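Residues per chain are reported as follows:
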Amino acid sequence: DRGQAIGILGVGRDITRRRQAEQALKMSEVRFSKTFHMSPVPTVVMTFDGGWFVDANKSFLQMMGYERQELIGRTPTELRIWANPSDRDNLYRLLMENGSVRGDFFQLKTRTGEIRDAILSAGIIVLKERKFILAMCYDVTEQRQLEERLRQSQKMEAIGTLTGGIAHDFNNILGGIMGYAELVM
């Protein structure tokens, strides 16, 4: 009562497990970050509610032609990334219904306006009680162009075979006509 301590009262709690869990979580975040940024697959993280870019790896930035600072904090709609804007609504609908999308075809527009064909896989992830979209898109533009060239060459080959067959048949008919013409002469 005169401002002098007359005793000490203390409570101790063992927080070893909590500290270990925090360290494990931190290591997990570091591993995810390294894997995310080193992945050759174009990958982005966006907020679910507003669709704002939170992060994008180098592969996505290279594919789309953007710098990180141009992308982060903006939406795909703002940047006009969807070649067909209704695809965005379709993606959100599928995510709401199924929680994930796997292997759907979409077309994306790069910074320069070039259309890229992409196979998109996305899922909803929860970080710190907030929903985000983790999306990976495989650029299949070159593959589709090669497939189209192959189809075109197969069409040309088929036309060549058909015309060769017609020419052969026509030659057979002409052979008969020429034979009879010689007999008549």
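The structure this text deals with has already been given above.
I will try to describe carefully the structure that is included in this document.

About the criteria used
Residues numbered from 1 in each chain as written. Predicted model: local features only at pLDDT ≥ 70, side-chain atom pairs only at ≥ 80, totals over all residues. Heavy atoms only, no water. Helix = DSSP H or I, 4+ residues; strand = E, 2+ residues; numbered from the N terminus. Rg over C-alpha atoms; globule rule 2.2 N^0.38 Å. Buried < 20%, exposed > 50% of the residue type's maximum accessible area, 1.4 Å probe, protein only. Contact = heavy atoms within 4.5 Å. Areas by Shrake-Rupley, 256 points an atom, 1.4 Å probe, with all protein chains shown as cover. Lys, Arg positive; Asp, Glu negative; His and termini not counted. Charge placed at Lys NZ, Arg CZ, Asp CG, Glu CD. Core = buried A, V, L, I, M, F, W, Y, C linked by side-chain atoms within 4.5 Å. Pairing = 2+ DSSP bridges. Axes fitted to C-alpha atoms, helices over the stretch in contact; angles between N-to-C directions.

**A closer look at the overall build of the chain**
Now for step 1: A tally of regular secondary structure across the chain gives 5 helices and 5 strands.
Now for step 2: Shown N-terminal to C-terminal, the secondary structure of the chain runs as helices and strands in the order α-β-β-α-α-α-β-β-β-α.
Now for step 3: For the chain, the C-alpha radius of gyration of 32 Å lies well beyond 16 Å, the compact-globule estimate for 185 residues.
Now for step 4: Once the C-alpha set of the chain is aligned to its principal axes, its extents read approximately 145 × 35 × 30 Å.
Now for step 5: Taken across its 185 residues, the chain has 26% of its residues classed as buried.
Now for step 6: Pairs at least 24 residues apart make up 38% of the contacts formed inside the chain by residues separated by at least 6 positions.
Now for step 7: If you sum the accessible surface of the chain, you get close to 14000 Å²; carbon and sulfur atoms cover 56% of it.
Now for step 8: For the chain, the separation between the mean place of its 25 positive charges and that of its 23 negative charges on side chains is 11 Å.

**Regarding the nonpolar core**
Now for step 1: Ranked by internal contacts, the top residues of the largest apolar core, which has 27 residues, are F53, F60, L71, I81, L91, L108 and I133.
Now for step 2: Taken together, the elements giving at least two residues each to this core come down to β1 (43-47), β2 (53-56), α2 (58-64), α4 (86-98), β3 (100-109), β4 (115-127) and β5 (130-139).
Now for step 3: Setting aside chain neighbours within four positions, we find I133 in contact with V44, V45, M46, T47, F48, Y92, L95, A122 and G123.

**Looking at the sheet that holds β1**
Now for step 1: Strand order in the open sheet formed by 5 strands is β2-β1-β5-β4-β3, with antiparallel pairing between adjacent strands. The open sheet has two free edges, formed respectively by β2 and β3, since each of these has just one partner strand. Sheet twist, expressed as the average angle between the axes of neighbouring strands with direction ignored, equals 30 degrees.
Now for step 2: As paired elements, β1 and β2 share 3 bridges and run antiparallel to each other. Each residue of the ladder has a partner; that of M46, found in β2, is F53.
Now for step 3: Sitting on the sheet, α4 is in contact with β1, β3, β4 and β5, with an inclination near 170 degrees to β3.
Now for step 4: Strand contacts of helix α5 (residues 141-184): β3, β4 and β5, with the helix running at about 145 degrees to β4, the strand carrying the most contacts.

**Some points on unusual backbone geometry**
Now for step 1: Not every positive phi belongs to a glycine, and R80 is a case in point at roughly 55 degrees.
Now for step 2: Phi is positive for E129, close to 60 degrees, though the residue is something other than glycine.
Now for step 3: Tracing the backbone shows E129 in the loop between β4 and β5.
Now for step 4: Given a relative accessible area of 81%, E129 falls into the exposed group.

**A closer look at the pairing of β1**
Now for step 1: Counting buried positions over the 5 residues of β1 gives 5, a clear majority of the element.
Now for step 2: Along β1, one buried face is formed by T43, V45 and T47 and the opposite face, lined by V44 and M46, is buried too.
Now for step 3: Sheet topology places β1 next to β5; 5 bridges connect them, and they run antiparallel. Across the sheet, residue T43 finds its bridge partner in β5, namely M136.

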